[in-house]
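Structural overview for review
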Amino acid sequence: MARELLESIADAPIISPHGHVPASWLARDTAFTDPASLLISHDHYITRLLHASGVPLEKLGVAGSPSDPREVWRAVCRHWHAFAGTASDFWMTDSLERVFGITEALDEDSADRVFDVINDALATPALRPRALFDSFGIEVLATTDDALDPLDDHTVLAADPGFAGRVVPTFRPDPYLDPAAPDFTARVERLVATGPTAGLTFRAYLDALRSRRAYFVDHGAVSADHGVVEPYTCELDDATAERLFQGALADTLDEASAREFRGHMLWRMAQMSVDDGLVMTVHAGVHRNHHTPTFDRFGPDSGHDIPIRTEFTANLAPLLRSFGAAEGFHLVLFTIDESAYSRELAPLAGFYPSVYVGAPWWFLDAPDAMARYRAAVTETAGFYRTSGFIDDTRAYLSIPARHDVARRADASFLARLVVEGRVSESAAARIMRDIVSTIPREVFKL
Amino acid sequence: MARELLESIADAPIISPHGHVPASWLARDTAFTDPASLLISHDHYITRLLHASGVPLEKLGVAGSPSDPREVWRAVCRHWHAFAGTASDFWMTDSLERVFGITEALDEDSADRVFDVINDALATPALRPRALFDSFGIEVLATTDDALDPLDDHTVLAADPGFAGRVVPTFRPDPYLDPAAPDFTARVERLVATGPTAGLTFRAYLDALRSRRAYFVDHGAVSADHGVVEPYTCELDDATAERLFQGALADTLDEASAREFRGHMLWRMAQMSVDDGLVMTVHAGVHRNHHTPTFDRFGPDSGHDIPIRTEFTANLAPLLRSFGAAEGFHLVLFTIDESAYSRELAPLAGFYPSVYVGAPWWFLDAPDAMARYRAAVTETAGFYRTSGFIDDTRAYLSIPARHDVARRADASFLARLVVEGRVSESAAARIMRDIVSTIPREVFKL
Amino acid sequence: MARELLESIADAPIISPHGHVPASWLARDTAFTDPASLLISHDHYITRLLHASGVPLEKLGVAGSPSDPREVWRAVCRHWHAFAGTASDFWMTDSLERVFGITEALDEDSADRVFDVINDALATPALRPRALFDSFGIEVLATTDDALDPLDDHTVLAADPGFAGRVVPTFRPDPYLDPAAPDFTARVERLVATGPTAGLTFRAYLDALRSRRAYFVDHGAVSADHGVVEPYTCELDDATAERLFQGALADTLDEASAREFRGHMLWRMAQMSVDDGLVMTVHAGVHRNHHTPTFDRFGPDSGHDIPIRTEFTANLAPLLRSFGAAEGFHLVLFTIDESAYSRELAPLAGFYPSVYVGAPWWFLDAPDAMARYRAAVTETAGFYRTSGFIDDTRAYLSIPARHDVARRADASFLARLVVEGRVSESAAARIMRDIVSTIPREVFKL
């Protein structure tokens, strides 16, 4: 039954409405240089578990550490047994077979042979980013971009008659909205300078944000993404907002006031989404850069962002009171705190026409976690209040494997409901198709 | 094995010790008017997901909105695919087949045909509330009633020689115990006026509560039900309680003091339960009326009560210190925060002779959630520290379906334990019988 | 597949790196006196559920209450059906069959017969503690010992040529680190008196702790165990620490300052572990002695320690910033809050080379909870960042049953991954062996 459902959507293209592949790879279409930088050094799912296994990050080429790709690859293979049972193991194995035809297991013995096969293949035209885009069957790929990014690569791709794919930017304004972000004041000054209104006022700041969003919309963006520690929101009157804004610029806000400002800006982002139609996605609940010595040396995204408990019900009440039933507003909520699925997210998505429960994200992007997600969400919110799969990855080669895992997990869950007499076969077939096609298109307005 | 267990209790009557069917339906035994008002407009499980799917509540007849029943039914059928995998889908499908013999799927095409079949049937004597009571095999049905309800319908039913069923009221005093409830002072004045002691003192207030409880006991009540945001409890000396009570009446309490008052009154309710024997049930952890614009228009229970994290261990310590080992005291704890099952509720019920883990409630009243509940609770507390199934419903026609789902889920769980060699077949047979009979009778003193 | 994996490690000895069997039992090797005191009175897993079932603790011989062993046993058997589905049921059944050849079910009818069989067997040499140690196939058994324990029994065992087993102490300093512990000041005075530095200064206190740890290391200890309500940690400068220390001795700290002191001492324990190599284990998240009337009468460990929500990410950040990547440091984190597994513990263990996710503990030490643990942890952290099984028990006879349950649960989980094509058969075989052998030896430096 699961197999049948899977086969029924074998031809469905990949829709990837949120991820981190650099648009420049596709715009320039240059060959990948070596197996390590392509498959290891930038994949913090892999480098973190190697780090836990005793391999220093500098030996893995993290953050541009000088390293010999073959030595990096050998280190990976020497410790690959530590990945047994992880999502990374499946993604790697599947990618190596799918893209390079490699079927032997990764270990010390196979390390050099596998390295050579990959390395040789990377020099061939079939392994160029655009060729892979086609062979992977990607229909839409969203990137994630700084709010001030000029989006030149997207412009190049859109103008290139030789590239038929759809690559859309995503508006990501986090550091411009959080007074605690590094260089907040300088950032905001740069932001306001791009906008239509003079002066460092709250109104000019909002106008500049609106203007940048419009720029992204003009360049094909369908969503705005927000990474927040907590999804706290609040409505404020203009005078209070202005006062907090000036305090944020002067770096004089205490933690409570900074929280108010952040919470109000998330509310404002929803308001702007209602106005300009950008789907609002919220990725909440991560303590970033947990190990400060590693952050100091290797920078962000070096594998020690650790989830925390996340509260949605009370935090989002002000935003949803204002915009939860607004025409055309879409709010996709992602969590790594699984306890929120049945308790908060499914009930919210089961009432608000704007709210969708985001697919299992980050540490939860794996078969068992996906099964728990569907089991926790479906009985309250069904299938049609969920977001469809999001690969959220910079690991370009793993995209087909990731979507494949999600499809298998969903087919398996649906098949169980059919066998248990809870969903009819015909309903399951429709849902399976909708999950990979209708739903992501509708949720992300594609 | 699961099937055998299920068959072994096929004859067991329905015991429904907590729910929301109006006693007036049975007292008056008038025919239901139409499919929409019977099956849709009052069922917030259904109207909320339709609302999320884009159907305005006023088009569903919610809160008495004027609506054409046939149009409501068509809207339901048009969106019924959104319910695939939800508990509501099963309950509806099962009810339609069981009560009306309808087996075709709900969709736009079948909408009118199904509506007509139901509508015609509702005019027949077999579909009257009392006839259904008998055909459903209900032995006991508890209603939920305001603390000042005169319980006239219960009196009528008890006195009617033509009605053999047992319909018992449940004492529900929430708005008389919470200073934040609308019209708290006026409510308390009305309450105290019914009591034996003059004056608006804390003592007169307690006396009036005791007196109303006694009235409920005289009318057959077996339990008192408490819906609280958090199960916070505290013991206070009389002077402090009096001071908070006067502050509550004068509406001068700050949030911390109001919390103390609420917490103390929950402690007092336990004390009164120890004295008068009413089983104490606590339904905790719901943020009521999350979307205030909908509340303003449609009132409470319009589908946007959203669960929140709930803490039991520390919150209940004062109550359990005082009454946890009191002779004959029964405290049934319901949660929608599943993380509390293995962490707090099973350990509490595994020590205190008074505490029972309530069945999966509200959003968790569905097969997968029930399986998670048994898996989370049983290894610590076994089967005999759980409450037995509670349908908690106003959807009268769905009562057999709901009990059936619970029985199937329990049979399936037990069968797994037998197959895994963890429970003997004979023990499983006894447990299955006890779950639907001995346990609810004992827990609810029936 | 599961059966094959299980058979492949049938010969693996029991490694028990954390538990509560008294070393004196093995040092003196005296016969157990009777079935009740051996199997019931000290096992709070059993006495708590009997208490919940209405049997007073004093009738179970708890805390030395005078009781007739046969009457205790009869009470147990009369209520044994309440244990169906619990871990205790399996452990008891398995122990009775394994050790005494008893296969009949426990109930009122069998009570006396079973009692007599056990009672008679206890008088035989085969049932002496050392004989059982051998027949159980225990390779290493760790005890848990007060920080000032002279460890005489361990000395006796180590010096005894007639005892080939390895019994190691574990350093447990909790009441010397928590200003809220009973008699904190007197305890600290006794502690400092054993140390190398005179005067009640913070430095003398640290020196004494270091000295006691060294004493434990000299007597074979491999780990230091910390039972804390929350795993809060903080780094403090010497002056602040000294000030808090003096405040703790004078009993003048407010709750916030006491928390700082506790948090700093946990940080200090990590620092000492980095220096002396003792594996640091942290058991967090239990509200001890919940029912104070029972505590007043029966003392600690009488069955009403109730778990609470536990936060690791923020609480451990200071400790891990300082020591998370320290050479040779091992930190094993145990929780009873399952929601922390996928959200916090697996991500922490998936980055920090020092962190291991502890096996399911206490209320979670049962098949379904173990399956949930593996499913929650593996996809992020694999198998090699987990601790291996910990029986954590004083119920000596149940040790083989407990390890057997863990092995079955792991074999079953691994077999599922093999069947689902997520782990190869050869990898599963290696992992199965490592789980019971390589991993606990490495994690606990055995």
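Computed from a predicted model, the values in this text were never measured in an experiment.

Let's shift gears to the overall build of chain A. Secondary structure assignment for chain A yields 21 helices and 11 strands. Taken over C-alpha atoms, the radius of gyration comes to 22 Å for chain A, in line with the 22 Å a tight globule of 446 residues would show. Considering only C-alpha atoms, chain A reaches an extent of 65 × 55 × 45 Å along its principal axes. Looking at chain A as a whole, 56% of its 446 residues are labelled buried. Summarising the internal contacts of chain A: among those between residues at least 6 apart in sequence, 76% fall at separations of at least 24.

Between the two copies of the chain lies a relationship made up of a rotation around an axis and a movement along it. Here chain A sits on chain B after a turn of 120° about the axis and a move of 0.0 Å along it, with an RMSD of 0.0 Å. What the superposition gives is, in effect, a three-fold axis relating one chain to the other. Taking C-alpha positions as the reference, the residue of chain A nearest the rotation axis is A:Ser339, at 3.7 Å. With a heterologous cut-off of 20% or less, the 3% of interface residues of chain A that recur at the interface of chain B puts this contact in the heterologous class.

On to the interface of chain A and chain B. Contacts between the two partners involve 35 residues from chain A, matched on the other side by 36 residues from chain B. At the level of secondary structure, the elements contributing two or more residues to the side of chain A that touches chain B comprise α16 (313-323), α17 (339-349), α18 (367-381) and α20 (425-436) of chain A. Here the element with the most residues in the side of chain A that touches chain B is α17(A); it accounts for 8 residues. When its residues are assigned to classes, the side of chain A that touches chain B shows 18 nonpolar, 9 polar and 8 charged.

Each pair of packed helices gets described by two things: the angle between the helix axes and the distance between those axes. Residues and elements named next belong to chain B. Look at helix α17 (residues 339-349) against helix α18 (residues 367-381): their axes get within 9 Å of each other, and the N-to-C directions meet at 40°. In terms of orientation, α17 and α18 fall into the oblique class. Relative to α18, α17 is oriented so that their crossing is right-handed. Contact with α17, carried on its side by Tyr341, Ser342, Leu345, Ala346, Pro347 and Ala349, involves Tyr373, Ala376, Val377, Thr380 and Ala381 of α18 and no other residues of that element. Taken together, the residues of the contact of α17 with α18 sort by class into 9 nonpolar, 2 polar and no charged.

Let us now look at the relation of the copies chain C and chain A. Placing chain C over chain A gives an RMSD of 0.0 Å and needs a rotation angle of 120°, together with 0.0 Å of translation along the axis. Each copy contacts the other with its own distinct surface, as only 3% of the interface residues of chain C are interface residues in chain A too.

So, on to the environment of C:Phe245. Residues and elements named next belong to chain C. Note that Phe245 resides in helix α13 (residues 238-250). Given 23 C-beta atoms within 10 Å, Phe245 falls into the buried group. Residues contacting Phe245, with those up to four places away along its chain left out, are Phe202 and Tyr205.

Another point: helix α6 (residues 87-100) of chain A. An ideal rise of 1.5 Å per residue puts 20 Å on 14 residues; α6(A) measures up with 19 Å between its terminal C-alpha atoms. For α6(A), the tally of buried residues reaches 10 of 14 residues, placing the bulk of the element in the interior. Listed in full, the buried residues belonging to α6(A) are A:Ala87, A:Ser88, A:Asp89, A:Phe90, A:Trp91, A:Met92, A:Thr93, A:Ser95, A:Leu96 and A:Val99. Each element contacted by the buried residues of α6(A) is listed here: α4 (44-52) and α19 (399-419) of chain A together with α18 (367-381) of chain C. Just downstream of α6(A), A:Gly101 is the residue with a positive phi angle, here 70°.

The subject of this paragraph is the sheet that holds strand β1 (residues 14-16) of chain C. All names here are of chain C. Read from one edge of the open sheet, 3 strands run β1-β2-β4, paired in parallel fashion. Since the sheet does not close on itself, it has two edges, and those belong to β1 and β4 (166-168), each with one partner. Here the average twist between neighbouring strands, direction ignored, is 10°. Bridge count for β1 against strand β2 (residues 138-142) is 3 bridges, and the pairing is parallel. Looking at the pairing, Ile14 lines up with Ile138 of β2.

With 35 residues of chain C at the contact, the number on the chain A side is 36 residues. At 8 residues, the largest contribution of residues to the side of chain C that touches chain A is made by helix α17 (residues 339-349) of chain C. Partitioning the side of chain C that touches chain A into residue classes produces 18 nonpolar, 9 polar and 8 charged.

The next point concerns unusual backbone geometry. All names here are of chain C. With a phi close to 60°, Trp362 is a non-glycine residue in the positive phi region. Of note, Trp362 is situated in the loop between β11 (355-357) and α18. Owing to 20 C-beta atoms within 10 Å, Trp362 belongs among the buried residues under this scheme. The residue Lys445 is not glycine, and still its phi comes out positive at about 55°. Among the structural elements, Lys445 can be located in the segment after α21 (438-443). For Lys445, a count of 13 C-beta atoms within 10 Å puts it in the partly exposed group.

This part covers the domain arrangement of chain A. Under the domain assignment, chain A is made up of domain 1 (20-28 + 135-169) and domain 2 (31-127). For domain 1 of chain A versus domain 2 of chain A, the distance between C-alpha centres works out to 25 Å.

What follows is about helix α13 (residues 238-250) of chain B. Residue and element names in this part refer to chain B. An ideal rise of 1.5 Å per residue puts 18 Å on 13 residues; α13 measures up with 18 Å between its terminal C-alpha atoms. Within the sequence span of α13, burial applies to Ala241, Leu244, Phe245 and Ala248. In a view along the axis of α13, the buried residues occupy a sector of 105°, so they form one face of it. Exposed side chains of α13 directed beyond 90 degrees from the buried face belong to Ala239 and Ala250. Tucked into the core, α13 has its buried residues touching α11 (184-193), α12 (202-218) and α14 (255-276). Taken from the residues just after α13, Asp251 is the one with a positive phi, measuring 60°.

Moving on, we get to the pairing of strand β7 (residues 279-284) of chain A. All names here are of chain A. Of all 6 residues that make up β7, 6 are buried, and the element is covered over most of its length. Of the two faces of β7, both are covered, the one formed by Val279, Thr281 and His283 as well as the one formed by Met280, Val282 and Ala284. As paired elements, strand β6 (residues 223-228) and β7 share 6 bridges and run parallel to each other. By the bridge assignment, Ala224 is partnered in β7 with Met280.

On to the sheet that holds strand β2 (residues 138-142) of chain B. Paired through backbone hydrogen bonds, the strands of a sheet run either parallel or antiparallel to each other. Residues and elements named next belong to chain B. Here we have 3 strands laid out as an open sheet, ordered β1-β2-β4, and parallel in their pairing. On the outer flanks of this sheet lie β1 (14-16) and β4 (166-168), each paired with one strand and no other. Across this sheet, the average inter-strand angle for adjacent strands is 10°, counted without regard to direction. Across 3 bridges, the pairing between β2 and β4 is parallel. Within β4, the position partnered with Val140 by the bridge is Arg166.

Attention shifts here to the confidence of the model for chain A. Residues of chain A with pLDDT of at least 70 account for 100%, and the chain-wide mean is 97. With pTM at 0.98, the complex prediction returns an ipTM value of 0.97.

Cut-off values and rules
Residues numbered from 1 in each chain as written. Chains lettered and ligands numbered in written order. Predicted model: local features only at pLDDT ≥ 70, side-chain atom pairs only at ≥ 80, totals over all residues. Helix = DSSP H or I, 4+ residues; strand = E, 2+ residues; numbered from the N terminus. Rg over C-alpha atoms; globule rule 2.2 N^0.38 Å. Buried ≥ 20, exposed ≤ 12 C-beta atoms within 10 Å, placed from the backbone. Contact = placed C-beta atoms within 7 Å. Least-squares fit on C-alpha atoms with pLDDT ≥ 70 in both. Nonpolar A, V, L, I, M, F, W, Y, C, P; charged D, E, K, R; others polar. Axes fitted to C-alpha atoms, helices over the stretch in contact; angles between N-to-C directions. Parallel < 35°, antiparallel > 145°, perpendicular 65-115°, else oblique. Left-handed = near helix turned anticlockwise from the far one by under 90°. Expected span 1.5 Å × (residues − 1). Pairing = 2+ DSSP bridges. Domains from an automatic or database assignment. Arc of directions from axis to C-beta. pLDDT = per-residue confidence, 0-100.

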